[in-house]
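Analysis of the macromolecular model
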Amino acid sequence: PSVTSIIDMLPAPFLRTWNSKITANAAVENIQYVNELILANKQEKAKLWLKAAPERELAIAADMGTKVHEAIEQRIADPSAEYDQELQPYIEHFDKFCVEYEPEWLHVEKSVFSITHLYAGSFDAIARIRNKVTIVDFKTTRSGISAKVALQLAAYARADVMFDGDTELQIPEIQSGAALWLRPDKWGFFPLRIDDDIFETFLALRRTFEWESRQSKTAMLASTSYGRQ
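How each quantity is defined
Residue numbers restart at each chain and count upward from 1, following the sequence in its written direction. Local features are withheld for residues below a pLDDT of 70 in this predicted model, meaning they are given only at 70 or higher, and side-chain atom pairs are given and counted only at 80 or more; totals for whole chains, interfaces and linings count all residues. Based on all heavy atoms of the structure, the side-chain values leave hydrogens and waters out of the count. Two rings from Phe, Tyr or Trp (for Trp, the six-membered ring) form a pair when their centres sit within 6.5 Å of each other. Planes less than 30 degrees apart are called stacked, planes more than 60 degrees apart edge-to-face, and all others tilted. For a ring to carry a charge above it, either NZ of a lysine or CZ of an arginine must fall within 6 Å of the ring centroid while also lying within 35 degrees of the normal to the ring plane. Two kinds of site are reported from a 1 Å grid over the protein atoms alone, namely cavities, where a 1.4 Å probe fits but cannot get out, and pockets, open sets with protein on both sides within 12 Å along at least five of seven lines, and residues are called lining when an atom falls within 4 Å of a point. Grid points are joined across faces, edges and corners, and a volume is the space filled by probe spheres set on the points. The numbering of helices and of strands both runs from the N terminus, where a helix is a DSSP run of H or I of at least 4 residues and a strand a run of E of at least 2. Salt-bridge detection follows one rule: a side-chain nitrogen of Lys or Arg within 4 Å of a carboxyl oxygen of Asp or Glu. Residue exposure (1.4 Å probe, protein chains only): buried if accessible area is under 20% of the type maximum, exposed if over 50%, otherwise partly exposed.

The full count for this structure, using the stated rule, is 14 aromatic pairs. In textbook terms, an aromatic cluster arises when at least three aromatic residues are bridged by ring pairs, as seen for Phe94, Phe97, Tyr101, Trp105, Phe138, Trp187 and Phe189. The ring of Trp49 has Arg56 lying over it, and the distance from NZ or CZ to the ring centre is 4.2 Å.

The next subject is the layout of surface pockets. The calculated volume of the largest pocket comes to roughly 1900 Å³. Along its surface, the largest pocket is lined by 50 residues, and Leu58, Ala61, Thr141, Arg142 and Ser143 are the ones closest to its centre. For the lining of the largest pocket, the secondary structure elements donating two or more residues are helix 1 (3-7), helix 2 (14-29), helix 5 (53-77), strand 2 (119-129), strand 3 (132-139) and helix 7 (148-157). No other element matches the 13 residues that helix 5 contributes to the lining of the largest pocket. Reported here for the second largest pocket is a volume of approximately 180 Å³. Among the elements of the structure, strand 3, strand 6 (176-182) and strand 7 (187-192) are those that each provide at least two residues to the lining of the second largest pocket.

On to the pattern of salt bridges. Tallied over the full model, the rule gives 10 salt bridges. Asp137 is the partner of Lys139 in a salt bridge, and the nearest nitrogen-oxygen pair spans 3.0 Å. Note that Arg158 and Asp196 form a salt bridge whose closest N and O atoms lie 2.9 Å from each other. Of this pair, Arg158 sits in the loop between helix 7 and strand 4 (161-164) while Asp196 sits in helix 8 (residues 196-218), and the two are 38 residues apart along the sequence. Residue Arg158 is classed as partly exposed on the basis of its relative accessible area of 25%. Accessibility expressed as a relative area gives 54% for Asp196, which makes it exposed.

Printed below as a string of structure tokens:
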């Protein structure tokens, strides 16, 4: 399983409130469209459209995040690479980070695999920053940096192998972890713990993922008897 799928085993109670908020906003901001569907006797379509509002919002954010990641990857490889005008504020903040922290980029966007613990994923970058080999995650989320990123980076740092295409590479000794947060109006660089305690929590989630995906399906024995009155 992917590192992110494993971390998704953590409860996220705030999502329920967020989903309700986005759905309510969609109804209020598009009341005419919703009413048109209802008057046309398309109530089910109206319900499905409103229910899908959170997914539409997430898709928009994910699309922008992908664009920013790709532009940064190209900029690291070639500082003169062109990028879409809509990404300019993100790139300007990335450039400010580079001026202030002077990262030496060692690896960018590589896949990793843990033979020992059976998980896989792709990290954003490994760089030498202020004399420490640091694994860095680029984030564009509106809400800021979540502590869950520490779990993500701890897992990447302890993978067994790294790949560049089909070529297997040795993972350097990672000394620290951090998240680079990029928004149109601000940016921040946040050091994160990636120590053994953090990794042990990730492994506990790995076991939870195993339960959800496999063990829970075989926990109940086929032979079941019911009492009769």
